Structure formats: structure tokens, C-alpha cells
Amino acid sequence: MKKLVVLSGAGISAESGISTFRDNGGLWDNFRIEDVATPEAWQRNQELVLDFYNQRRKQAATVKPNAAHYALVELEKDYDVTIITQNVDNLHEIAGSSHVIHLHGELFKSRSTKNPDLVYEMSSWELKTGDLCELGSQLRPHIVWFGEEVPMMEIAMEVTEEADIFVVVGTSLAVYPAAGLVHYVGAGKPVYIIDPAKPDITLKSNMTFIQEKATTGMEILIKNITNQ
């Protein structure tokens, strides 16, 4: 069975109603990165950071996977599919995808500020000051903030190198290090890039660009890779 690796981004979740960070009307129009998504922000104003992610969590709990998420699940019938996602929501898992690597953390998990290996599933949308890990330290969102290392990046690189087909959906390849994964695809292996906005990269001969939103683009992709 051929290995199909998918790099997904905010565009696939946007069609389910989750606000993106970078588009007009996105989250960064109301919040500065420096105020809610950095280690320094956490040290400076823990309450603001907690509230920001509480509101993201509360909103994410109201949405459902869309046709693009379900299309990726369907591909598991014919391919060994691994999804590497930049998204922190759990829509891929809710849809039924079996193998999901979260590069930027997971919204519905918290972790210890004392030991980053202590990660907990959240039973509600709210994380408060005074919520402690088993070591007695404050819990923080299980999110990779700007300026922090991306711990799953090495695994993502290895998975990408093994891909027979590589698909980019819902990301304009602007956020590094995730955007660099496309350079780890084996020579001559087909790469499909699905995004309404043309990415700012040089398209190579093995790349096919599908200038559509995620749901429509996934339909086109499935037709293109049938019998590959």
C-alpha cells in the first residue's frame, strides 16, 4: 500500500468555521502574537493567555469536520495515510483519521509547566489559574508558541521522506519550519498543493497546484491520484 502524507493547515479548518490567524478578520486582527502566543506573554499575563485559548477551545467545540476532513479518511481505504497538521483543533481525529501528527500542539490538551512530558486530555473547554499538574505546577495550553521548538518536527521530516505521494491542503506554506517539509519529499515523488492562494514557492516538475479551497480541492485530488 502506497504511503500518502498530508500537510494540512488552517484552510481546511476554516471551512468548518474555525477562525484562521492570518487572513483578514482572522484572530490576529484582534490579538497580537506577542500578547497571547509566546512564552513571554505567558510570563507577563497568564490570565490573558488562558482566556485566549479558552475562547478558541469553546468555539472549536461547536464545529464539525467538513468534506475535506472526511475525504482524507476515505483515502485510508487505498493508502497508508499520515496527516501532519499545523492545526491545533481535533477535527481530523473526530472525522476518523487514524494517524495524525500535530506540529503545533493540541487545543484540547493541557500540559505541566514543570515537566512538558506531562500532558493531559481536557474534559472541558476551560483551563484556569490554579489548575495544577500532578507535580503541583500550573497547567498551560499544550500549544507550541512562537519562539518555542517544534518537538514533532523530526518525526514529521522522517514521515515526509517516506511519502510516495505528498499533499499540501489548506496552507500557503508560509509558516516555518512546517513549510519546509515539502523539501523533504523524495525526488520525483508527486506533490499536490491545494490552496486558493498560490503559494510563494517555485513550483517544480513533480508539483501539481490545485487553486481551490480544501473541500473542492480534495475532490479534484482524489480524481487525480486514482490508479496512481
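Since we're looking at a predicted model, the values are computed, not measured.

### A few points about the packing of aromatic side chains
In the structure shown here, the tally under the stated rule is two aromatic pairs. Note on W42 and W145: the rings are 5.8 Å apart at their centroids and 35° apart in plane angle, and the pair reads as tilted. Within this pair, whereas W42 is found in helix α3 (residues 39–44), its partner W145 is found in the loop between β6 (139–143) and α7 (153–161), the two being separated by 103 residues in sequence. The residues W42 and W145 share a single accessibility class, namely buried. Ring plane angle 90° and centroid distance 4.9 Å describe the contact between F52 and Y53, whose orientation is recorded as edge-to-face. In this structure F52 comes out as buried when scored by relative accessible area, which is 1%. Given the relative accessible area of 5%, Y53 is considered buried. Sitting above the plane of the W125 ring, K58 keeps its charged end 4.8 Å from the centroid.

### Description of the pattern of salt bridges
Applying the stated criterion across every chain, the model contains nine salt bridges. One salt bridge in this structure joins K109 and E106, with 3.2 Å as the shortest N-O distance. Salt bridges here are not isolated pairs; linked through shared partners, they connect R32, E34, D35 and R44.

### Description of the UniProt feature "binding site: substrate" (unreviewed entry) in the protein chain
Residues given the UniProt feature "binding site: substrate" (unreviewed entry) here are Y53 and R56. Following the sequence through the fold, Y53 ends up in helix α4 (residues 46–60). Within the secondary structure layout, R56 lies in helix α4.

### Here we look at the sheet that holds β6
What the three strands build is an open sheet, ordered β5-β4-β6; its pairing is antiparallel. Looking at strand neighbours, the two that pair on one side only are β5 (119–121) and β6, the edges of this open sheet. This sheet shows a mean twist of 45° between the axes of neighbouring strands, independent of strand direction. Most of the contacts of α4 go to strand β4 (residues 105–112), to which it runs at about 140°, and overall it touches β4 and β6.

### Notes on the pairing of strand β2 (residues 80–85)
Of all six residues making up β2, five are buried, and the element is well covered by its neighbours. Both strand β1 (residues 3–8) and β2 contribute to a ladder of six bridges, which runs parallel. Of the residues in β2, the one forming a bridge with L7 is I84. Both β2 and strand β3 (residues 100–102) contribute to a ladder of three bridges, which runs parallel. Looking across to β3, one finds that I83 is bridged to V100.

### Here we look at the sheet that holds β1
The strand order across the open sheet formed by six strands is β3-β2-β1-β7-β8-β9, and the pairing between neighbours is parallel. This sheet does not close on itself; its edge strands, each paired only once, are β3 and β9 (207–210). If you compare each strand with its neighbour and ignore which way they point, the axes differ by 15° on average. Its contacts with the sheet place helix α8 (residues 214–225) against β1, β7 (165–169), β8 (191–194) and β9, and it is angled at close to 160° to β8.

### So, the environment of M218
Mapping M218 onto the fold places it in helix α8. Overall, M218 belongs to the buried group, its relative accessible area being 1%. Sequence separation between M218 and H69 is 149 residues, and the spatial gap between their C-alpha atoms is 9.0 Å. Apart from the residues lying within four places of it in its own chain, the contact partners of M218 are A68, A71, L72, L75, V169 and I194.

### Quick look at the packing of helix α5 (residues 67–74) against α8
Helix-helix packing is characterised by the crossing angle of the two axes and by the distance between the axes. Two elements in contact, α5 and α8, have axes separated by 8 Å at closest approach and are oriented at 25°. For the element pair α5 / α8, the angle class is roughly parallel. Note on element contacts: α8 touches α5 through A214, T215, M218 and I222, opposite A67, A68, A71 and L72.

### Concerning the nonpolar core
Counting residues in each nonpolar core, the largest one holds 24 residues, and the members touching the most others are I84, L103, F166, L181, V191 and I193. Elements represented by at least two residues in this core include exactly β1, α7, β7, β8 and β9. At four residues, the largest contribution of residues to this core is made by α7. Look past the residues within four positions of F166 in its chain and what remains in contact with it is V5, L7, T160, L181, V182, V185, P190, V191 and Y192. Among the nonpolar cores identified, the runner-up in size contains 21 residues, and A41, V49, L107 and M122 belong to it.

How each quantity is defined
- Residues numbered from 1 in each chain as written.
- Predicted model: local features only at pLDDT ≥ 70, side-chain atom pairs only at ≥ 80, totals over all residues.
- Heavy atoms only, no water.
- Phe/Tyr/Trp six-rings, centres within 6.5 Å; stacked < 30°, edge-to-face > 60°.
- Helix = DSSP H or I, 4+ residues; strand = E, 2+ residues; numbered from the N terminus.
- Buried < 20%, exposed > 50% of the residue type's maximum accessible area, 1.4 Å probe, protein only.
- Lys NZ or Arg CZ within 6 Å of the ring centre and 35° of its normal.
- Salt bridge = Lys/Arg side-chain N within 4 Å of Asp/Glu carboxyl O.
- UniProt positions renumbered as here; feature names shortened; annotations may be inferred.
- Pairing = 2+ DSSP bridges.
- Axes fitted to C-alpha atoms, helices over the stretch in contact; angles between N-to-C directions.
- Contact = heavy atoms within 4.5 Å.
- Parallel < 35°, antiparallel > 145°, perpendicular 65-115°, else oblique.
- Core = buried A, V, L, I, M, F, W, Y, C linked by side-chain atoms within 4.5 Å.

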